[in-house]
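# Secondary and tertiary structure notes
Here's the letter readout for the chains.
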Amino acid sequence: MAIIGTDITKAIELLMSGKLVAIPTETVYGLAGNALNEEAILDIFGAKNRPQFNPLIAHVDSLGKASQFVTEIPPIAVRLAKAFWPGPLTILLPRNRRIPDLLTAGSPLVAIRIPNHPLTLKLLQQLPFPLAAPSANPSGYISPTSAAHVQAQLGDKIPYILDGGRCKVGIESTIIGVNEDNEVLIYRLGGTSLEAIRSLVGDVQFAQATHEKPDSPGMLKSHYAPQTPFRIGIVEEMLPTYDREKVGILHFSQSFSAVPSKQQRQLSPSGDLREAAQSLFSAMRELDGLGLSIILAEYVPAEGLGLAINDRLTRAAYQE
Ligand code: TXA
Ligand code: MG
């Protein structure tokens, strides 16, 4: 099992010697290693059982550091970075030669973000390299939002988990790029809302990805999936089909008297989408751990962070 603690010096020592450390961010926990070290990158892919065609995000602590690894930062990207960094926004930028092919899976673009977590920012400030960090979960499973989540699934594969408490945003970063017409391209919905991005840059485009050749494999149809079968619809309509003792319910704000309350999670009883995003993945994990035969979920309102929440629900429910 991994040691869980808040010792930055220890995390630095491990990372400097090429080892992996799980790190807290405001979105989800990351499985971090030296982004310039191919062996560390390979270890990340191995620990997660992640296909090597799925590139990793490089985390830095300043725009200045980001610029050391790219050939240019388009003005519209600078505006977004200045508005949202540190924060849940990842920007795809043309990489320079310091970035290994392995990190970007051969793409000429590198994904960069400044995470907004005090411990991890302190760590990044003291490291001479960016940190490659995908979400610290086995490939395809639900992302971790606490140190205990990481321990449960990757604890036997890494020496140390830097404990930064419960993630405040709770869903992964929004990923954007800039196209030839200098328009913002959305690759993944996430912790920075579309409304917030549009209010800064106007209209945005959506990157087209297919299941076979994803532009951003976070867009693979099946992802974030619990082990228990997961179905989305109107809970009240789906409920009569199932044995109430074996059914779990994941709802935005409502509870259902027909089902034992321990089998239900309300993401935000007060109807707050930010709170719902923060509790989404832990609620999915908890329900997944109850040995139920099905989890019934309902979409949340499709605005603000609700779009990213609904995206994760869709992927959790997707079956090949
Ligand atoms: O909030 C987050 O973004 C978290 C925390 C740890 O920072 N990280 C995260 O990483 O969600 P990961 O690896 O689980 O998801 C990163 C996504 C993947 O879907 C990957 O395909 C996409 O970013 N990505 C990375 N580099 C890319 C590139 N060069 N072009 C297109 N997509 C890229
Ligand atoms: Mg992930």
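Residues numbered from 1 in each chain as written. Chains lettered and ligands numbered in written order. Predicted model: local features only at pLDDT ≥ 70, side-chain atom pairs only at ≥ 80, totals over all residues. Heavy atoms only, no water.

### Side note on the environment of Gly248
Among the secondary structure elements, Gly248 is positioned in strand β13 (residues 247-251). On a C-alpha basis, the gap between Gly248 and Ser62 in space is 43 Å, while along the polypeptide they are 186 residues apart. If we skip the residues at most four places from it in the chain, Gly248 touches Gln263, Leu287, Leu292, Ile294, Ile295 and Leu296. (Helix = DSSP H or I, 4+ residues; strand = E, 2+ residues; numbered from the N terminus. Contact = heavy atoms within 4.5 Å.)

### Some words on the sheet that holds β13
Reading across the sheet, the 4 strands line up as β12-β15-β13-β14 and stay open at both edges, with parallel pairing between neighbours. On the outer flanks of this sheet lie β12 (230-232) and β14 (264-266), each paired with one strand and no other. Put simply, the sheet's adjacent strands are angled 15 degrees from each other on average, direction ignored. Summarising the sheet, β13 and strand β15 (residues 294-297) pair through 4 bridges and their orientation is parallel. The residue bridging Val247 from the neighbouring strand is Ile294, located in β15. (Pairing = 2+ DSSP bridges. Axes fitted to C-alpha atoms, helices over the stretch in contact; angles between N-to-C directions.)

### What to know about the domain arrangement of the chain
Split by domain assignment, the chain resolves into domain 1 (3-206) and domain 2 (230-317). One C-alpha centre belongs to domain 1, the other to domain 2; they are set 28 Å apart. Contacts between the two partners involve 23 residues from domain 1, matched on the other side by 16 residues from domain 2. In total, domain 1 and domain 2 occlude about 1600 Å² of area from one another, counting both sides; carbon and sulfur atoms represent 56% of this. On the domain 1 side of the contact with domain 2, Ile142, Ile171 and Leu189 bury the most area, a combined 34% of that side's loss. (Domains from an automatic or database assignment. Buried area = accessible area lost by both parts, 1.4 Å probe.)

### With respect to the side chain of Thr90
Residue placement: Thr90 occurs in strand β5 (residues 89-94). Once residues lying within four places of it in the same chain are set aside, the contact partners of Thr90 are Ile57, Ala111, Ile112, Arg113, Ser173, Thr174, Ile175 and Ile176.

### A few points about empty space enclosed by the protein
Tallied over the full model, the rule gives 1 cavity of 30 Å³ or more. Taken as a whole, the largest cavity holds about 50 Å³ of empty space. Class assignment for the residues of the lining of the largest cavity results in 5 nonpolar, 5 polar and no charged. Residue contributions to the lining of the largest cavity reach at least three from each of two domains, namely domain 1 (3-206) and domain 2 (230-317). (1 Å grid on protein atoms, 1.4 Å probe; cavity = no way out; pocket = protein on both sides within 12 Å on 5 of 7 lines; lining within 4 Å. Points joined across faces, edges and corners; volume = space filled by probe spheres on them. Nonpolar A, V, L, I, M, F, W, Y, C, P; charged D, E, K, R; others polar.)

### Looking at the pairing of strand β3 (residues 30-34)
Most of β3 sits out of view: 5 of its 5 residues are buried. Looking at chain direction, strand β2 (residues 21-23) and β3 are connected through 3 bridges and run antiparallel. Bridge pairing in β3 links Ala22 to Leu31. Linking β2 to β3, which pair antiparallel, is a turn of 6 residues. Pairing of β3 with strand β7 (residues 131-132) involves 2 bridges; the strand directions are antiparallel. Residue pairing for β7: Gly33 is matched across the bridge by Ala132. (Buried < 20%, exposed > 50% of the residue type's maximum accessible area, 1.4 Å probe, protein only.)

### Re the layout of surface pockets
If you add up the space inside the second largest pocket, you get close to 220 Å³. Of the residues contributing to the lining of the second largest pocket, the split by class is 6 nonpolar, 6 polar and 3 charged.

### Quick look at the pairing of strand β6 (residues 109-113)
When you tally the buried positions in β6, you get 4 out of 5 residues, the bulk of the element. Taken together, the 4 bridges between β5 and β6 define a ladder with antiparallel strand orientation. For Ile91, the partnering residue across the bridge sits in β6 and is Ile112.

### With respect to the packing of helix α1 (residues 8-16) against helix α6 (residues 118-125)
In contact at an axis separation of 10 Å, α1 and α6 are set at 50 degrees when each is read in the N-to-C sense. Between α1 and α6, the crossing angle belongs to the class labelled oblique. With respect to the hand of their crossing, α1 and α6 are arranged in right-handed fashion. From α1, Ile8, Ala11, Ile12 and Leu15 reach across to α6, where they touch Leu119, Lys122 and Leu123. (Parallel < 35°, antiparallel > 145°, perpendicular 65-115°, else oblique. Left-handed = near helix turned anticlockwise from the far one by under 90°.)

### Topic: the environment of Thr145
Within the element layout of this structure, Thr145 appears in the loop between β7 and α7 (147-154). Residue class for Thr145 comes out buried when judged on its relative accessible area of 2%. Sequence-wise, Thr145 and Cys167 are 22 residues apart; in three dimensions their C-alpha atoms are separated by 5.2 Å. Leaving out residues up to four positions away in the same chain, Thr145 has contacts with Thr27, Val28, Tyr29, Gly165, Arg166, Cys167, Gly170, Phe281 and Ser282.

### Structural notes on the pattern of salt bridges
When the charged atoms of two side chains with opposite charge come close together, those side chains can pair. In total, this model carries 7 salt bridges according to the counting rule given. Measuring nitrogen to oxygen at the nearest pair gives 2.8 Å for the salt bridge that ties Glu26 to Arg113. Taken as a pair, Glu26 in the loop between β2 and β3 and Arg113 in strand β6 lie far apart in primary sequence, 87 residues in all. Per residue, the accessibility class of Glu26 equals that of Arg113, and both read buried. Of the charged contacts, one joins Arg265 and Glu286 as a salt bridge, the two residues approaching to 2.6 Å between their closest N and O atoms. Of this pair, Arg265 sits in strand β14 while Glu286 sits in helix α10 (residues 273-288); the two residues are 21 residues apart in sequence, bridging distant segments of the chain. In this structure, a network of salt bridges that share partners links the residues Glu172, Asp311, Arg312 and Arg315. (Salt bridge = Lys/Arg side-chain N within 4 Å of Asp/Glu carboxyl O.)

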